Structure formats: C-alpha cells, structure tokens
Amino acid sequence: MNVSKYKRYLHLQSFEKIPIPWDEIFGNHRKITVEIGFGSGEYLCALAQMFPDKNFVGFETSLTSVEKTLRRLEELALSNVRVARADGRFVLRELFDDNSVERVVVNFPCPWPKKRHSKRRLTREDFAETLAAVLEQEGVFELATDVEWFAREMIDALNETLSFSLIEFTVNPDRPLKTRYERKWLAQGREIYLLRAKKIRNFAIERTVTGELPHAKLKRVNTDKLFKIKGQIWQEDEKVVVIKDVYQNLDLDNWLVLTYSSDGDFQQHYYILITRKDDGFLVKLDSTTVPFRTPAVKWSVYRIAEEISV
Ligand SMILES: C[S@@+](CC[C@H](N)C(=O)[O-])C[C@H]1O[C@@H](n2cnc3c(N)ncnc32)[C@H](O)[C@@H]1O
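Residues numbered from 1 in each chain as written. Predicted model: local features only at pLDDT ≥ 70, side-chain atom pairs only at ≥ 80, totals over all residues.

K.L.:
Now, about the packing of helix H2 (residues 42–50) against helix H3 (residues 63–76): what can you tell me, with residues and values included?
P.N.:
Here H2 crosses H3 at 25 degrees, and the two axes come no closer than 10 Å. The angle between the axes of H2 and H3 places the two elements in the roughly parallel class. H2 and H3 meet at a crossing whose hand is right-handed. Touching Leu44, Cys45 and Gln49 of H2 are Thr69, Arg72, Leu73 and Leu76, all from H3. (Axes fitted to C-alpha atoms, helices over the stretch in contact; angles between N-to-C directions. Helix = DSSP H or I, 4+ residues; strand = E, 2+ residues; numbered from the N terminus. Parallel < 35°, antiparallel > 145°, perpendicular 65-115°, else oblique. Left-handed = near helix turned anticlockwise from the far one by under 90°. Contact = placed C-beta atoms within 7 Å.)

Shown next as structure tokens:
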C-alpha cells in the first residue's frame, strides 16, 4: 500500500518546521478541525463537504483506513482535508501550536477497558492537557462514545485541567451525521453519549519533538563493540531504546543499526547509519526511515556513538 502517492497524504516526520505550518500546507488561514481515529473517513469527508471554508486534518493509525479515506477524498475532490497515519494523541501535542485548532473530534475511540491497557486511553490527563493547549479560546472538543464510564472519565480529565466548560453531555443525541461505528452500536440497541466541552483557559504543556537532526562524529569505530550492541536495551527516564540488529554493507565501512525506541508509550522504529566521513565516521539517522526526533530517538544516536567509539 503506497499512501504517499496521494496529494492529501501528509508525511509528518519529514517536516523541518515544528509545529507544522498548517497555513502553508492549506495555502490559507482558515480554521482547523482535527479528527482523531477517523476510521472509514465518512464523517471527516462529510464535515469537509459541509464546511468548505474550513480546513480538516485527520489522524488514524490504520493504514487501510488511511488509504480508503485518501481514495474517497480524491473521488470527492476535497481540497480542504489532509490525513496522516499517526497516533493522534502524540501528533496533536507535537505538531500544533497553542490556540491553533478550532475543534477536535473523536468518534467512538476504543475505551481500552482492561487495566493493563489503560495507558492507551484518551481519558489520560495528558491528552486533556494537550486539548487545553492546542484548542483556541472557545474551541470545542467533541467526543461520541457508546461507553458511559469512558465519557465520564473524559469529563473528569477535562475538569482536572481547569481549562474547560462543559457544553453538553447528551444521551442518544440526534446527530445528523452518523459514523460507521455509531450506526453499528445503534443497530445493537446501545446508548450513545455525546460530550462537548469548550476551552475557556489555556494550559501550558511541554513538547518534545524538535527539528534538530542528531548526529555524532567519531574518529574510529570499534566494530567488535558495534556488533555486541545487538539485543541491548537502554533505559533512562521515559526513554527506552532497543537495538534489534546491526548490518554491515559490502565495502565494510557503512553500518545500519535497526533501532526501536519509545518515549513513554509512543514507539518508533528506524535505522541509524554509521558511515565514513572525511577522516572519521558519522553516526546519524538513516534517511530511508524517518522517525519523529523525540528525546529517545536523539538519545539512541548519541548512545550508540558513545558505545562504539574507540
Ligand atoms: C472504533 S474505531 C471508530 C472509527 C470511526 N471514528 C467511527 O466512529 O466509525 C476507532 C478507530 O480509531 C483508530 N485509532 C485508535 N487509536 C488511535 C490513535 N491513537 N490515533 C489515531 N487513530 C487511532 C483505530 O484504528 C480505529 O480506526
């Protein structure tokens, strides 16, 4: 599946400027609605058709859903939508400025009911804090769900930030636009809960991604040590780095290190290249796989350099 051939697909990791210059992407200064977990994309497309004078950005982790939606956007010739395959919680925090989003919509997210998965819930306080930062004053967060405790947990998380005022908490709202899951749950006779809250106060958050390209220069490489880093796991604060494999090229002075890293629960995998440069070696991110430059990604480059330097 090749989603990058579609005009409305955004390869988020390749942007040098962070937060992303959304006005430049859309070529105008119109207000932005973000939908997280758009699934089949019907809702996102319908909103974009209804409001041609607004911009829409959708994030979805399923590649199949992203491609389906990109095809639909082309068929409908909608120019006010961009989509990306990404964890919406992470990119909403990292790629949008404070007070820059008019509306954030989440329809029927998985509630992750098991305790061991609770870190993945949108009801975590850091997501509420992200909303309180990126939404503009009077901007609206909208959540539809079939799980009452989840909706209530979300209200608690929003309240914790002291940045929101509840507009409505409606059971079985009469929504003119219905999502695929909404139709499914209604057909099964489930109740639907709609929560809408308005931002009334800004909340300061910390972002972790920067445009900085991490690299380290070495005089020599200790190849014995380089091959021994395979399988190692390094951990510091919220950062974890796992070295999955080390590959050497045929002329013997270029190596690729397959690396997994996580910042909290945000995981990425990518290659780090060790290559001859001038009279020494350079350790840097390989351009074939471009991760977000998070603290763990930067640390993995410097940590490998430290391990293999002579
Ligand atoms: C239950 S489906 C709902 C789909 C659609 N909103 C609807 O109502 O029909 C949840 C969707 O969220 C996506 N998803 C889960 N976690 C996500 C995340 N962190 N960021 C973006 N999308 C996510 C899943 O791939 C799935 O398509």
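Anyway, onward from the coordinates.
K.L.:
Kindly report on the nonpolar core, identifying the contributing residues and their values.
P.N.:
Side chains of a nonpolar character, in soluble globular proteins, are inclined to be buried together. Judged by nonpolar contacts, the single largest core of 54 residues is most densely connected at Leu44, Val104, Leu131 and Met154. Once you skip the residues sitting within four places of it in the chain, Leu44 turns out to touch Glu35, Phe38, Phe56, Gly58, Thr69 and Val81. By size, the runner-up hydrophobic cluster in this structure holds 14 residues, among which are Val246, Val257, Phe281 and Ala305. (Core = buried A, V, L, I, M, F, W, Y, C linked by C-beta atoms within 7 Å. Buried ≥ 20, exposed ≤ 12 C-beta atoms within 10 Å, placed from the backbone.)

K.L.:
Would you mind going over the environment of Thr288 in detail, with residue names and values included?
P.N.:
Within the secondary structure, Thr288 is located in the loop between strand E13 (280–285) and helix H9 (295–308). Overall, Thr288 belongs to the exposed group, with 9 C-beta atoms counted inside 10 Å. Each C-alpha atom of the pair Thr288 and Leu47 lies 35 Å from the other, and the pair is 241 residues apart in sequence.

K.L.:
Tell me about helix H4 (residues 88–95), residues and numbers included.
P.N.:
In terms of burial, H4 is largely enclosed, as 8 of its 8 residues are buried. Among the residues making up H4, those that are buried are Gly88, Arg89, Phe90, Val91, Leu92, Arg93, Glu94 and Leu95. Where H4 is buried, its residues contact strand E1 (32–36), strand E2 (55–60), helix H5 (125–134) and strand E12 (266–277).

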